[in-house]
Amino acid sequence: MQLPTHPFGTDITLEDIAERLQKSPHWEDRYREIIRLSRQMPALPEAFRTSENEIFGCENRVWVAYERTEQGQFHFVFESESRIVKGLLAVILSQCEGESAQALADKDLLAVFNDLGLAHHLSATRHSGLAAVAQAINNAARAALDCR
C-alpha cells in the first residue's frame, strides 16, 4: 500500500504558511489558520497506524509514516487525533517533504515554531510531542545515510 499524497512541501510551502500566519495578528486567528492546515492533511490509512509508526511522548496519538522515492527523497504522512496537532505537523511536513536524507539530517525542524511566533503558545507536552516527531524524522534520515 502506498502513502497518500498531500500538498505540503510542494503546493503549500513553509513560506506560504508563514505568509498566512503573518496575516493573522492574534493567536486565536493563527490557531484557526493552523486548524485550516490540518484539513488539508490526508488521513493516514489504518495499515500505517502501527506501533512502529506511533510517536510516543505526545499529548495526543501521533503517527509518522514515510517512504523514499527512487531518487532517495522522503515522502511523509503524519496523523494525529487532534486537529491543532495535525496542523502543527503540517508545518513540519512543509519543511521535510521531498527532502534528501542529508538535508533532513542537517535541518532543525523545530526552529520554525520560534520563527513563526508559535513556540511560546505551545504547552510543554505539545512541544515535547513535536520534538519526538522531529527526532523520528531525523532518525529516518540518519538510518538512510547509514545504509549508503
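On a predicted model such as this, the values are computed, not experimentally measured, just so you know.

Caption draft 1: Broad picture of the pattern of salt bridges. All told, the structure shown has nine salt bridges when counted by the stated rule. A salt bridge links R61 to E54, with the nearest nitrogen and oxygen atoms 3.1 Å apart. When salt bridges with common partners are traced through the structure, they connect E46, R49, E79 and K86 into a single cluster.

Caption draft 2: Seen up close, the pairing of strand β3 (residues 74-80). Across the seven residues that make up β3, a large majority, seven, are buried. Covered by surrounding structure in β3 are F74, F76, F78 and S80 together with H75, V77 and E79, the residues of both alternating faces. Here strand β2 (residues 62-68) runs beside β3; their pairing, made up of seven bridges, is antiparallel. Residue pairing for β3: V64 is matched across the bridge by F78. From the end of β2 to the start of β3, which pair antiparallel, there are five residues, and G72 there has a positive phi angle of about 90°.

Caption draft 3: Quick look at the sheet that holds strand β1 (residues 54-55). Sheet architecture is open: three strands sit in the order β1-β2-β3, paired in antiparallel fashion. Whereas interior strands pair on both sides, the edge strands pair on one side only; in this sheet they are β1 and β3. Sheet contacts for helix α3 (residues 83-96): β2 and β3; angle to β3, the most-contacted strand, approximately 175°. Set on the sheet, helix α6 (residues 124-146) makes contact with β1, β2 and β3; between it and β3 the angle comes to about 155°.

So, how was this worked out
- Residues numbered from 1 in each chain as written.
- Predicted model: local features only at pLDDT ≥ 70, side-chain atom pairs only at ≥ 80, totals over all residues.
- Heavy atoms only, no water.
- Salt bridge = Lys/Arg side-chain N within 4 Å of Asp/Glu carboxyl O.
- Buried < 20%, exposed > 50% of the residue type's maximum accessible area, 1.4 Å probe, protein only.
- Helix = DSSP H or I, 4+ residues; strand = E, 2+ residues; numbered from the N terminus.
- Pairing = 2+ DSSP bridges.
- Contact = heavy atoms within 4.5 Å.
- Axes fitted to C-alpha atoms, helices over the stretch in contact; angles between N-to-C directions.

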